[in-house]
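Report on the structure
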Amino acid sequence: AAYYSAINEGIGTRETLQRFALAARLAAHTTDRERLTIQAHYAFHSSSPSLRALAETLAVRYPDEIEGYYFTGIALMQGGEYLRALAPLNKAIAMDSLKLASAVGRCMGCEALRQVVSAYQLADSTPAAEREARRWIRLEPRSPAPWHIIAELFSQMGRPTEAQAALDRASAIDAGRREAERLLGRAVHSIYANDFEQADRILSVELESGSTSRAIEAAWFGAISFRMQGRLNEALVAARRNRALTLSQYPRAALPRIGAPAEAQGEAQVLYEMGRYRAAATRFDSVSRWVLPDVASSQFFHQHVWSLAHAAGALAAAGDTTALPALIDTLEVAGPKSGLERDRRLSHYARGLLLAARGQDEAAALELRRAVISWNMGYTRVNMALAKVLLRMGRAREAVTVLQPALRGSLESSNTYVSRTD
């Protein structure tokens, strides 16, 4: 019951993790297949390094079940092996073809289709991602989800008219439902298209919608829009509103006494862009100490090293490299405790910043390249830092090739920390 309630659509991340944690604790009392399936789901949601072994065990012991192939693909993607992930994901799609056609019940084949598109996006192969999104539309014609994905692809490729047309198709399929998602989608794609007037108009209405969840999303994207416009004071207000609204949804008894929530990273990023580097570093460091109850150690280390990498960047920008060696050591030790290859490479980013500060540009460029997990959907501060080093070395054309892919990325996630304007 805990497992099925955890995979229920619409449950928030915190509650999902709590229910998966409960299911994982109880999994020893069920069958071997169910135990492995529950543990694989929990490993995926908690960024655990154990996912790959669990997935491979599922695939070997239960070759007629979809989960082993699906989670093998996910584990390969988390490890940065995007193209290798395609074979097991496509196997999962083929095995779940009846569900794709029926649109009844939970469909792992549909989820695998989304991951195939993501794999090509992460590999910076946008034409292939579009091709797979169109395959998804053919296989699941009654779902609005692939239309939302293809709209995102069009926006990232600088094709705003086609993005809006795709959003219209999604709305026609899902007519009368998910009004908040429809409006938010319009605002986000307006930001991609630099139509800030429309984006800000929609987001301001959403902020006053009376729904806390809608206001949280509106404040988050409002901060992104203001950052891209250079309206940093307003961006700071929006980021702080996002954090306050999110915290209001936590049970008071569950709130840690130290640190700041992950949502405070938006505020810290605005402080960074305002040139208030030490304040940004302090805020990022505070986020790294935040621990919620019932959070797996791998999930803590995922958040811990991610926030410390941002802190390292802020300290380097402030010209304070005294703390960087200790931060590099921490990232080297803590990074492998997360299941994401991105987290395991963050020590290279911090070391590259230290070497650049010391004028060792050749060595810095090598370290920064080692930190890259995806040129377009990875941590775009790495792209920016590497481009600056290359410019100092007189390699401007190479710097252009480093920066261009980031404009084919997202507005958020790992791409949050350098605005498209910058």
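What comes next is a walk through the structure. (Residues numbered from 1 in each chain as written. Predicted model: local features only at pLDDT ≥ 70, side-chain atom pairs only at ≥ 80, totals over all residues. Heavy atoms only, no water.)

**With respect to the overall build of the protein chain**
Looking only at helices and strands, the protein chain has 24 helices and 0 strands in total. Against the compact-globule benchmark of 22 Å for 422 residues, the protein chain has a radius of gyration of 21 Å, which places it among compact chains. C-alpha extents for the protein chain along the principal axes are approximately 60 × 50 × 45 Å. The 422 residues of the protein chain split such that 52% are buried. Taking the average location of the 51 positive side-chain charges in the protein chain and that of its 44 negative ones, the two points are 2 Å from each other. (Helix = DSSP H or I, 4+ residues; strand = E, 2+ residues; numbered from the N terminus. Rg over C-alpha atoms; globule rule 2.2 N^0.38 Å. Buried < 20%, exposed > 50% of the residue type's maximum accessible area, 1.4 Å probe, protein only. Lys, Arg positive; Asp, Glu negative; His and termini not counted. Charge placed at Lys NZ, Arg CZ, Asp CG, Glu CD.)

**A closer look at empty space enclosed by the protein**
A probe matching the size of a water molecule, rolled over the atoms, marks out where space remains unfilled. Here the structure, examined in full by the defined rule, presents 4 cavities of 30 Å³ or more. What the largest cavity holds in volume is close to 60 Å³. If you trace the largest cavity, you find it lined by Ile224, Arg227, Met228, Ser410, Leu411, Asn415, Thr416, Val418, Ser419 and Arg420. Split by residue class, the lining of the largest cavity holds 4 nonpolar, 4 polar and 2 charged. Counted as a void, the second largest cavity has a volume near 40 Å³. Lining the second largest cavity are Trp220, Ala223, Ile224, Arg227, Ala239, Gly266, Gln269, Val270 and Thr416. Mapped onto the lining of the second largest cavity, the elements with two or more residues apiece are helix H14 (212–229) and helix H16 (264–273). Looking at the lining of the second largest cavity residue by residue, the class counts come to 5 nonpolar, 3 polar and 1 charged. (1 Å grid on protein atoms, 1.4 Å probe; cavity = no way out; pocket = protein on both sides within 12 Å on 5 of 7 lines; lining within 4 Å. Points joined across faces, edges and corners; volume = space filled by probe spheres on them. Nonpolar A, V, L, I, M, F, W, Y, C, P; charged D, E, K, R; others polar.)

**Observations regarding the environment of serine 50**
One can find serine 50 in the loop between helix H3 (32–45) and helix H4 (51–61). Overall, serine 50 belongs to the partly exposed group, its relative accessible area being 32%. Separated by 318 residues in the primary sequence, serine 50 and leucine 368 have C-alpha atoms spaced 27 Å apart.

**Remarks on the layout of surface pockets**
Its boundaries defined by the atoms lining it, the second largest pocket holds a volume of some 470 Å³. Tyr272, Ala317, Met384, Ala385 and Lys388 are the residues nearest the centre of the second largest pocket, which is lined by 21 residues in total. At the level of secondary structure, the elements contributing two or more residues to the lining of the second largest pocket comprise H16, helix H18 (297–317), helix H21 (346–357) and helix H23 (380–392). With 6 residues, H23 is the single largest residue contributor to the lining of the second largest pocket. For the lining of the second largest pocket, the residue count by class is 14 nonpolar, 2 polar and 5 charged.

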